[in-house]
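For reference, the chains in residue letters:
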Amino acid sequence: MQPHTVEKRLDSIIDLSRQGKRINGLFRLLAAPTLWERAYEQIAPNKGALTPGSDPENTLDGFSLERMQRVMGAVLDGTYRFSPARRQYIPKANGKKRPLGIPTADDKLVQAAVKIVLEHVYEPIFSDQSHGFRRGRSCHTALTEIRRTWHGMKWLVEVDIVGYYDNIDHDILLGLLRKRIDDERLLQLIRRMLKAGYLEDWKFHRTFSGAPQGGVISPILANIYLHELDQFMVAVKARFDRGQARRRSATYLETSKQIQIRRRMIERRRANGNEEEIPRLIAEIREWERRRLEKPSLDQLDPTYRRLRYCRYADDFVIGVIGSKEDARKIMAEVRTYLAETLNLEVSAEKSGIRKADEGALFLGYQLKTYGDGRTKRMVKGGRAVTMRVPDDRMQLHVPVDRLARFAERNRLGNLNTNRGEARCEVINNSDVAILTGYNAMLRGLAEYYKLGTLWKQQVGRLHHLWWWSFMKTLSRKHKCSVKVTAERLRNGDSLGLWYEARNKRRFMPMFRLKDVRPTPAPSHVDREALAHLYFAGRNDIVDRLRARVCQTCGTVGVPLEVHHVRKMSDMKGTTLWTQVKAARTRKRVVLCRDCHVAHHAGRLQERLDKCANVGAG
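Everything numeric here is computed off the predicted structure, so don't read it as measured data. (Residues numbered from 1 in each chain as written. Predicted model: local features only at pLDDT ≥ 70, side-chain atom pairs only at ≥ 80, totals over all residues. Heavy atoms only, no water.)

**A word on the packing of aromatic side chains**
We count it as follows: Here a Phe, Tyr or Trp ring, Trp counted by its six-membered ring, pairs with any other such ring whose centre lies within 6.5 Å, and the pair is stacked when the planes are under 30 degrees apart, edge-to-face when over 60, and tilted otherwise. A ring is considered to have a charge above it if a Lys NZ or an Arg CZ atom is located within 6 Å of its centre and within 35 degrees of its normal.
In total, this model carries 16 aromatic pairs according to the counting rule given. Ring geometry for Y449 against Y450: centres 5.3 Å apart, planes inclined by 80°, an arrangement best described as edge-to-face. Counting every residue linked through ring pairs, the aromatic cluster contains Y439, W467, F471 and F512. Directly above the ring of W288 sits R291, whose terminal nitrogen or CZ lies 4.5 Å from the centroid.

Structure (structure tokens):
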């Protein structure tokens, strides 16, 4: 299948999906080499590219066009068999462990190819309220949408699904795929992926449900599964929302009436020439205006006005309600029933609940909270200056203190509650520049994530103080001097940092400061068009160099080539400068012939190159 034919077919899938039609002929797309080349380019740059699955020999190191053709042929003729994933556990923030299923490299390649097809089918129809594991969307896009559009919320409904990835029902998932896909061969391929099982302590376990976290295709399958929940919430919102605007409160109407009465009295007295009582009436008007500004102008519990908001990131989602607490209870009950009866998922009673919006709820590491202090401001309205109240119940994002305390404890910075930083003695054997680089990277990552917070600099500032003292005490412990001496040694004008020798000149590395974080300008819309990646996800020149059949080290022409994945650039010693530059540009991948690849792993690459040079000279 020609590349332009494949692109044309993929473009047509997007249009057909938007029209709601079932799409067939998807399995035939897997016969296109360009699809597999794109799949390889998506998984090769990942940090886990060299992480082995159940077969230690089956990694992306040594990838070749012949290997790709072999895997593609086995998938097309139905003889490809998925290997069980290797079960591995990683720690969670609450002290528990999260199970990961790590597939082999060939399985990753097949999953990535199928994922590309599924993306063209489902990305055009996924909800705007879904932000997890989608290109162009992230935790920040979800939080930005909440900060902009969730003003006035009265209740926040937190819903936590028990072991979501482990409890995805395979039959339900395949049934949902059949709603959009009319291709049994592709569906059977996905079924075999799900039923591959896993190895734990070299013991095989069958999989009756779930999609393993760590698989390439698992995120989009998880989004497809909960896309039904997104559609359900759209229907709930349409049924729940009521009214165009809140009605005026009784207090506001009464005070406005008293003000209007006195203004008419002033007009009548001026018309009759009676100016004596006007100052008293003006004073009474000002007093009534003061009383009016003390109370909300709108009825915050107006039963004729209701609104519902919903936002989801993977299996974490939160619901905002403008209405009574009974309304929030009913919505939570509806969601729990739908998840149990339609998707066979259980809601955690311990982690789920209804929170008052002004007290806050946790979502994606932030505390969502509404706030209003009754402030007023002067502005021009209708051609005259008036005093207006700043709207209350504005949605704000705050940084939870317990998250900062755990961060400080995990990174051995000290105790946030006592505000005392501690030296990290385990790093004092490193160079000063290495220590500063590590400290800067540590805090910069956290600050970049929490920069959406309303008062994030004040809240993260406590941690920055702890971080500053921890760094200073670490350097002081290393050089056996006081913090005062260390600070004077690092001072450079109005900043602190270290001078170091770069390749051509001396450079200055400053200590990280919170004011160095640049606020991300929020766009006028929140990721409404997220399909551009489908058109720009082309391959780079790795595949082209595989097709060129020229080894990058020995220069042999017309031989089968393999891609060597470099773990670190120091492994490229013994190769030419141009080869090292190309490896750096292509995310530490270099194309070698089989003999050079074997020699590289054996540590004899330079010996082989010298031998080739001697043969050429002779």
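So, next bit.
**A look at unusual backbone geometry**
Where we set the bar: Runs of E in the DSSP output that reach at least two residues are strands. Runs of H or I that reach at least four are helices, and both are numbered from the N terminus. Three labels apply to residues, based on accessible area from a 1.4 Å probe with only protein chains included: buried if under 20% of the type maximum, exposed if over 50%, partly exposed otherwise in between.
In this structure, L364 takes a positive phi of about 55° despite not being glycine. Locating L364 in the fold gives a position in the loop between strand 9 (361-363) and strand 10 (366-371). For L364, a relative accessible area of 15% translates into the label buried. Of note, R549 is a non-glycine position whose phi angle comes to about 60°, a positive value. When you line up the elements, R549 lands in the loop between helix 17 (541-548) and strand 19 (561-565).

**Thoughts on the domain arrangement of the protein chain**
What counts is decided by this rule: The domain boundaries here were taken from an automatic or database domain assignment. Should any heavy atoms of two residues lie within 4.5 Å, those residues are counted as being in contact. Accessible area that two parts lose when put together, evaluated with a 1.4 Å probe and summed over both, is termed the buried area. Within this document, salt bridges are pairs made up of a side-chain nitrogen of Lys or Arg and a carboxyl oxygen of Asp or Glu, the two lying within 4 Å of each other.
Segmentation of the protein chain into domains returns domain 1 (3-125 + 170-208), domain 2 (128-168 + 214-249 + 296-398), domain 3 (250-294), domain 4 (400-516) and domain 5 (531-616). The C-alpha-based centres of domain 2 and domain 4 are spaced at 36 Å. Every contact between the two is made by 13 residues of domain 2 and, on the other side, 11 residues of domain 4. Summed over both sides, the interface of domain 2 with domain 4 buries roughly 1100 Å², with 55% coming from carbon and sulfur. The largest per-residue losses of area from domain 2 upon contact with domain 4 belong to H140, Y366 and H398, which jointly make up 46% of the total buried on that side. Linking domain 2 to domain 4 there are zero salt bridges.

**A look at the sheet that holds strand 6 (residues 307-313)**
Quick reminder of the rule: Should DSSP find at least two bridges between two strands, the strands are regarded as paired. Between N-to-C directions, angles span 0 to 180 degrees; the directions come from axes that are lines fitted to C-alpha atoms, helices contributing only their stretch in contact.
Spatially, the four strands line up as an open sheet ordered 6-7-3-8, and their pairing is antiparallel. Both outer strands of the open sheet, strand 6 and strand 8 (353-356), are each paired with one neighbouring strand and no more. Neighbour to neighbour, the strand axes of the sheet diverge by 20° on average, direction disregarded.

**Observations regarding the layout of surface pockets**
Here is the rule: A 1.4 Å probe that fits into a set of points on a 1 Å grid over the protein atoms alone but cannot get out defines a cavity; an open set with protein on both sides within 12 Å along at least five of seven lines defines a pocket, and lining residues are those with an atom within 4 Å of a point. Grid points are joined across faces, edges and corners, and a volume is the space filled by probe spheres set on the points.
Each pocket or cavity is described by its volume, and for the second largest pocket that value is around 1300 Å³. Lining the second largest pocket are 42 residues, with R248, P296, S297, L298 and R389 sitting closest to its centre. If you list the elements that add at least two residues to the lining of the second largest pocket, you get helix 9 (250-272), helix 10 (278-294), strand 10, strand 11 (376-381) and strand 12 (384-389). Top contributing element to the lining of the second largest pocket by residue count: strand 12, with six residues.

**Observations regarding the nonpolar core**
Our working definition: Residue types Ala, Val, Leu, Ile, Met, Phe, Trp, Tyr and Cys, when buried and joined through side-chain atoms within 4.5 Å, form a set referred to as a nonpolar core.
One finds L30, W36, L118, L229, I319, V335 and L339 to be the most contacted residues of the largest nonpolar core, which totals 155 residues. Residue contacts for L339: discarding those within four places in its chain leaves V159, I161, L229, F317, N344, L345 and V347. Formed by seven residues, the second largest nonpolar core is a distinct cluster that contains I259, M265, I266 and L281.

**Digging into the environment of L592**
Mapped onto the elements of the fold, L592 is located in strand 20 (residues 589-593). Accessibility expressed as a relative area gives 0% for L592, which makes it buried. On a C-alpha basis, the gap between L592 and C554 in space is 8.3 Å, while along the polypeptide they are 38 residues apart. Residues within four places of L592 in sequence aside, it is in contact with C551, T553, L561, E562, H564, H597 and H600.

**Digging into the pattern of salt bridges**
Pairing between side chains of opposite charge can happen when their charged atoms approach one another. Within this structure, the stated rule accounts for 38 salt bridges. Linking R22 and D182 is a salt bridge whose minimum nitrogen-to-oxygen distance equals 3.6 Å. Taken together, the residues span a long stretch of sequence, with R22 in the loop between helix 1 (3-18) and helix 2 (33-43) and D182 in the loop between helix 6 (170-180) and helix 7 (184-194) at a distance of 160 residues. With relative accessibility at 39%, the residue D182 sits in the partly exposed group. Here E123 makes a salt bridge to R134, at a shortest N to O gap of 3.0 Å. Taken together, the residues E123 in the loop between helix 4 (105-122) and helix 5 (139-149) and R134 in the loop between helix 4 and helix 5 connect sequence positions 11 residues apart. When sorted by exposure, E123 lands in the same class as R134, which is buried. Three or more residues joined by partner-sharing salt bridges are found here, namely R262, R269, E277, R280 and E284.

**What about the pairing of strand 11?**
The side chains of a regular strand alternate between the sheet's two faces. Burial of strand 11 is sparse: only zero of the six residues sit out of reach of the surface. Sheet analysis places strand 11 next to strand 12, joined by six bridges and oriented antiparallel. Each bridged residue has a counterpart across the sheet, and for K381 the counterpart in strand 12 is R384. Connecting the antiparallel pair strand 11 and strand 12 is a turn made up of two residues, with G382 showing a positive phi of about 65°.

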